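Here's the letter readout for the chains.
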Amino acid sequence: MPSNDQGVTFYFIRHGQTYFNLYERMQGWSNAPLTKEGIRDVRRSGRGLADIHFDAIYSSDLRRTIDTAKIIHEENHHSDGLEIIPMPEFREVWFGSFEGLPIEDVWPKIKDHARIQHDIPTGSDVEIRHLLNTMKAKDPYAHAENYVEFWFRVESGLLKLLNRHAGTGHNVLVSCHGLTIRNLIEGLVADFDQTDALKNASVSIVKYHNGQFKLEVYNQVDHFKDEAEEASQHS
């Protein structure tokens, strides 16, 4: 018997560049605003997604993701009447007492050869898990999240979205963070093997259908459109 499950498609967008990204400082729950370049790139990303009919828009409850979601909303041609719903479950990893410190002063203490790309760690799933667990162990206040704490929080948010949207055929935009998106996808997609860190304002697309998650796009930025390019297409 054919299934009537229409699935749901998640569009995960990483926030635009912030001043902490620019200054290369640790940024988990810290609330640095978007830079001018960050705002520009989110607009370019939004123009490239302008014709996607989103049925819901979510973000983490941090300023940089809410501002990113607002810009995507403004650029979209089908988003009138949609409310941006902030969810603390989709915050970035909490770096505890390392928050706000220079990246170069922190990661080498956590791991001798930590690889940083686009201001966040990169590597295999095993490497990322080890990095987060080691950070928790080395935080003198033990406030930093380890991998299990981080994953349970983020997974609880995803389950809420699946309860609301699974089987509806909806397109759901989720504005959140580099490690959050990376670990969401890694935890859901069985054959996920990407090691690159996510670029600011990039989009990753995951479709959930008949109980299976499929990664359709990862770390995409080639959809970006400049204002002049969009104008020429609609002239």
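Residues numbered from 1 in each chain as written. Predicted model: local features only at pLDDT ≥ 70, side-chain atom pairs only at ≥ 80, totals over all residues. Heavy atoms only, no water.

Caption draft 1: Representation of the nonpolar core within the structure. In this structure, Phe10 and Met135 are the most contacted members of the largest nonpolar core, which totals 42 residues. Among the elements that make up this core, the one with the highest residue count is helix H6 (residues 147–165) (7 residues). Ignoring sequence-local partners within four residues, the contact set of Met135 consists of Met26, Phe95, Phe98, Val106, Trp107, Ile110 and Ala144. (Core = buried A, V, L, I, M, F, W, Y, C linked by side-chain atoms within 4.5 Å. Buried < 20%, exposed > 50% of the residue type's maximum accessible area, 1.4 Å probe, protein only. Helix = DSSP H or I, 4+ residues; strand = E, 2+ residues; numbered from the N terminus. Contact = heavy atoms within 4.5 Å.)

Caption draft 2: Region of interest: the UniProt feature "active site" (unreviewed entry) in the protein. In this structure's numbering, the residues bearing the UniProt feature "active site" (unreviewed entry) are His15 and Glu92. Spanning 78 residues, the annotated positions come together in the fold, the maximum distance between their C-alpha atoms being 10.8 Å. Set against the largest cavity, the annotated residues that line it come down to His15 and Glu92. Secondary-structure assignment places His15 in the loop between strand E1 (8–14) and helix H1 (19–22). His15 has contacts with Asn21, Gln27, Arg64, Thr65, Thr68, Cys176, His177, Asn200 and Ala201, leaving out every residue within four places of it along the chain. A polar atom in the side chain of His15 sits 3.3 Å from the side chain of Arg64. If you trace the backbone, Glu92 turns up in the loop between strand E3 (84–86) and helix H4 (103–110). Assessed through its relative accessible area of 3%, Glu92 is described here as buried. Discounting residues that sit within four places of it in the chain, Glu92 has contacts with Gln27, Gly28, Trp29, Arg64, Glu145, Phe150, Arg153, His177, Gly178, Leu179 and Thr180. (UniProt positions renumbered as here; feature names shortened; annotations may be inferred. 1 Å grid on protein atoms, 1.4 Å probe; cavity = no way out; pocket = protein on both sides within 12 Å on 5 of 7 lines; lining within 4 Å. Polar contact = N/O pair within 3.5 Å; in protein donor to acceptor, adjacent residues only side chain to side chain.)

Caption draft 3: Up close: the UniProt feature "binding site: substrate" (unreviewed entry) in the protein. As recorded in UniProt, the feature "binding site: substrate" (unreviewed entry) lies at Arg14, His15, Gly16, Gln17, Thr18, Tyr19, Phe20, Asn21 and Arg64. Cross-referencing the annotated residues with the lining of the largest cavity gives Arg14, His15, Asn21 and Arg64. Its place among the elements puts Thr18 in the loop between E1 and H1. Setting aside anything within four residues of it in sequence, one finds Thr18 in contact with Gln27, Ala32, Pro33, Leu34, Thr35 and Arg64. Of the residues examined, Tyr19 reaches a relative accessible area of 31% and is grouped as partly exposed. Residue contacts for Tyr19: discarding those within four places in its chain leaves Ala32, Pro33, Leu34, Thr35 and Lys36.

Caption draft 4: Molecular detail of the pairing of E1. Taken across its 7 residues, E1 has 7 buried, putting it largely inside the fold. What you see with E1 is no split at all: Val8, Phe10, Phe12 and Arg14 on one side and Thr9, Tyr11 and Ile13 on the other are buried throughout. Here 7 bridges tie E1 to strand E6 (residues 170–176), and the two strands are oriented parallel to one another. Across the sheet, the residue bridging to Phe12 is Val174, located in E6. Of the strand pairs in this sheet, E1 and strand E7 (residues 203–209) are connected by 6 bridges, and their pairing is antiparallel. When the bridges of E7 are listed, Thr9 appears paired with Lys207. (Pairing = 2+ DSSP bridges.)

Caption draft 5: Inspection of a nonpolar patch on the surface at higher detail. Taken together, the side chains of Tyr19, Leu22 and Tyr23 define a hydrophobic patch exposed on the protein surface, amounting to about 300 Å² of accessible area. Inspection of the secondary structure puts Leu22 in helix H1. When its relative accessible area of 45% is taken as the criterion, Leu22 is described as partly exposed. (Patch = residues over 30% accessible without salt bridge, like charges linked within 9 Å, V, L, I, M, F, W, Y side chains within 5 Å. Areas by Shrake-Rupley, 256 points an atom, 1.4 Å probe, with all protein chains shown as cover. Salt bridge = Lys/Arg side-chain N within 4 Å of Asp/Glu carboxyl O.)

Caption draft 6: Quick look at unusual backbone geometry. Positive phi, normally seen in glycine, also occurs at Ala201, with a value near 70°. Notably, Asn219 is not glycine yet its phi reads approximately 60°, a positive angle.

Caption draft 7: Examining the packing of aromatic side chains more closely. With the rule as written, the count across this model stands at 7 aromatic pairs. Taking 5.3 Å as the distance between ring centres and 85° as the angle between the ring planes, the aromatic pair formed by Tyr11 and Phe54 counts as edge-to-face. In this pair, Tyr11 sits in strand E1 while Phe54 sits in the loop between helix H2 (36–48) and strand E2 (56–59), placing the two residues 43 residues apart along the sequence. The class of Tyr11 is buried, set by a relative accessible area of 10%. We classify Phe54 as buried; its relative accessible area is 2%. Judged by centre distance (4.4 Å) and plane angle (40°), the ring pair of Tyr208 and Phe213 falls under tilted. A relative accessible area of 18% means that Tyr208 is categorised as buried. The residue whose ring lies beneath Arg91 is Trp29, and the NZ or CZ to ring-centre distance is 4.7 Å. (Phe/Tyr/Trp six-rings, centres within 6.5 Å; stacked < 30°, edge-to-face > 60°. Lys NZ or Arg CZ within 6 Å of the ring centre and 35° of its normal.)

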